[in-house]
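Report on the structure
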Amino acid sequence: MASAPANNLPVFYNDLLPLSSVDHASYRSRSVESAPFLTKQHAVPLTVDEFVAAQRYVPIIFSASDEAVPLALMGLNEGINTFLDDEGKLRGPAYVPAYVRRYPWMLAKLRPDTDELSLCFDPTSEAIGEFEEGQPLFEDGKPSELTQGVLKFCEDFEQAAARTGQFMKDLKELDLLMDGEVAIQVPGNDQPFVYRGFRMVNEEKLRDMRGDQLRKISQNGMLPLIYAHLFSLQLIREVFESQVAQGKGPISIPQAPQPAEA
């Protein structure tokens, strides 16, 4: 979840430039009505701060990597996002993760010998440039109110990312994560479609936790986050049905999460 340096760019970012009051004095930020960079992204990083709001709209799963991270599942196959149309506009009510909302901005380390983070942006984005319209990034050589707000948002995101990292560390130490599997039975099909390639909280282990462990995760705020994740999994069927309605599934090629015959 933490920001990556320019030689290891995170998803969505094509390049990174540090914001400069000299080089970008005349730059402006303009609003955009679509997110074409998101149309082929089926899973987006999510912070724990967003679990309660996100679980109403999107399944919350965990990546299958060794260093698992929470993900908002927006499609059941790679390259498919059921919440956006082909132009990158929302099809209806949805939760847009903070990871998406901060683009094209992010805080990044410019030098490996320091932990200092600088406000950077993706220069390939259509939202930032030398436009006649939009809000200025600098006024009288100083960061504008807009830029200060962007910086605050990015700082808050990094803090949320740190809390997310601790949450994932605690889940791992408690051994609560297991390989996920969801079977969806479709009328007319003898076998259900089974989706794998993600991780989820093991409800059986959660129920069997000792009293002191349960008290700890209740007091430190983990328990409601875990249940937000578990409740959200019911939405996987809705994502599946949206994918089918859009003529984008089921798909029977190896992907993650991937369907296979049960």
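Below or above, wherever it landed, is the structure these notes cover. Keep in mind it's a predicted model, so treat the numbers as computed, not measured.

Quick notes on the overall build of the protein
Counting its secondary structure elements, the protein contains seven helices and 16 strands. For the protein, the proportion of its 262 residues judged to be buried stands at 44%. Counting only carbon and sulfur atoms, one obtains 48% of the accessible surface of the protein, whose full area is about 14,200 Å². A gap of 5 Å separates the mean positions of the 24 positive and 38 negative side-chain charges of the protein.

Let's talk about the packing of aromatic side chains
Scanning the model with the defined rule gives twelve aromatic pairs in all. Taking 5.9 Å as the distance between ring centres and 85° as the angle between the ring planes, the aromatic pair formed by Phe 51 and Phe 167 counts as edge-to-face. In this pair, Phe 51 is assigned in helix H1 (residues 51-54) and Phe 167 in helix H3 (residues 145-173), connecting sequence segments 116 residues apart. Among the residues examined, Phe 51 registers a relative accessible area of 0% and is labelled buried. In this structure Phe 167 comes out as buried when scored by relative accessible area, which is 4%. Feature note: the residues Phe 12, Tyr 13, Phe 37, Tyr 99, Tyr 103 and Phe 157 constitute an aromatic cluster, connected by ring pairs. For the cation-ring pair, Arg 102 lies above Tyr 99, with the distance from its terminal atom to the ring centre recorded as 4.9 Å.

Considerations on the side chain of Ser 63
When you line up the elements, Ser 63 lands in the loop between strand S4 (60-62) and strand S5 (70-73). Those residues in contact with Ser 63, other than ones at most four positions away along the chain, are Ala 68, Val 69, Leu 71 and Arg 199.

What about the packing of H3 against helix H6 (residues 222-232)?
Following both chains from N to C, one finds H3 and H6 inclined at 85°, their axes separated by 12 Å at the closest point. Taken together, the axis directions place H3 and H6 in an arrangement best described as roughly perpendicular. In contact with Phe 167, Asp 170 and Leu 171 of H3, H6 contributes Met 222, Leu 225 and Ile 226.

Points about unusual backbone geometry
Backbone torsion omega between Tyr 103 and Pro 104 reads 10°, so that peptide bond is classified as cis. Within the secondary structure, Pro 104 sits in the loop between helix H2 (98-101) and strand S6 (105-109). A positive phi angle, close to 55°, is found at Asp 140, a residue other than glycine. By secondary structure assignment, the location of Asp 140 is in the loop between strand S10 (138-139) and strand S11 (142-143).

Describing the sheet that holds strand S1 (residues 17-18)
Strands sit in the order S1-S7-S6 across an open sheet of three strands; the sheet is antiparallel. Two strands lie at the open edges of the sheet, namely S1 and S6, each paired on one side alone. This element, H3, spans S6 and strand S7 (117-121) of the sheet and lies at about 65° to S6.

Description of the packing of helix H5 (residues 211-219) against H6
Helix-helix packing is characterised by the crossing angle of the two axes and by the distance between the axes. One way to put it is that H5 packs onto H6 with a least axis distance of 5 Å and a crossing angle of 85°. Considering the angle they form, H5 stands roughly perpendicular to H6. Where H5 abuts H6, its residues Leu 214, Ile 217 and Ser 218 lie against Met 222, Leu 223 and Ile 226.

A look at the pairing of S7
Most of S7 sits out of view: four of its five residues are buried. Sheet topology note: the S1/S7 ladder contains two bridges and is antiparallel. Considered in S7, the bridge of Pro 18 is made with Cys 120.

Concerning the sheet that holds strand S2 (residues 28-29)
Ordered in space as S8-S2-S9, the three strands form an open sheet in which the pairing is antiparallel. The open sheet has two free edges, formed respectively by strand S8 (128-129) and strand S9 (135-136), since each of these has just one partner strand. In the sheet, S2 pairs with S9 via two bridges, with the strands oriented antiparallel. Opposite Ser 29, over in S9, you have Gln 135 as the bridge partner.

Overview of the pattern of salt bridges
One pass over the structure, following the stated rule, counts 13 salt bridges. With a closest N to O distance of 3.1 Å, Asp 113 and Arg 111 form a salt bridge. Asp 212 is paired through a salt bridge with Arg 210; the nearest N and O atoms lie 3.4 Å apart. Note on Asp 212: relative accessible area 40%, which makes it partly exposed.

Comments concerning the nonpolar core
Soluble globular proteins tend to pack their nonpolar side chains together in the buried interior. Membership of the largest hydrophobic core comes to 57 residues, with the highest contact counts inside it found for Phe 51, Phe 62, Phe 167, Leu 171 and Ile 226. For this core, the leading source of residues is H6, giving six residues. Once you skip the residues sitting within four places of it in the chain, Phe 167 turns out to touch Val 48, Phe 51, Phe 62, Met 222, Leu 225 and Ile 226.

Definitions and limits used
- Residues numbered from 1 in each chain as written.
- Predicted model: local features only at pLDDT ≥ 70, side-chain atom pairs only at ≥ 80, totals over all residues.
- Heavy atoms only, no water.
- Helix = DSSP H or I, 4+ residues; strand = E, 2+ residues; numbered from the N terminus.
- Buried < 20%, exposed > 50% of the residue type's maximum accessible area, 1.4 Å probe, protein only.
- Areas by Shrake-Rupley, 256 points an atom, 1.4 Å probe, with all protein chains shown as cover.
- Lys, Arg positive; Asp, Glu negative; His and termini not counted.
- Charge placed at Lys NZ, Arg CZ, Asp CG, Glu CD.
- Phe/Tyr/Trp six-rings, centres within 6.5 Å; stacked < 30°, edge-to-face > 60°.
- Lys NZ or Arg CZ within 6 Å of the ring centre and 35° of its normal.
- Contact = heavy atoms within 4.5 Å.
- Axes fitted to C-alpha atoms, helices over the stretch in contact; angles between N-to-C directions.
- Parallel < 35°, antiparallel > 145°, perpendicular 65-115°, else oblique.
- Pairing = 2+ DSSP bridges.
- Salt bridge = Lys/Arg side-chain N within 4 Å of Asp/Glu carboxyl O.
- Core = buried A, V, L, I, M, F, W, Y, C linked by side-chain atoms within 4.5 Å.

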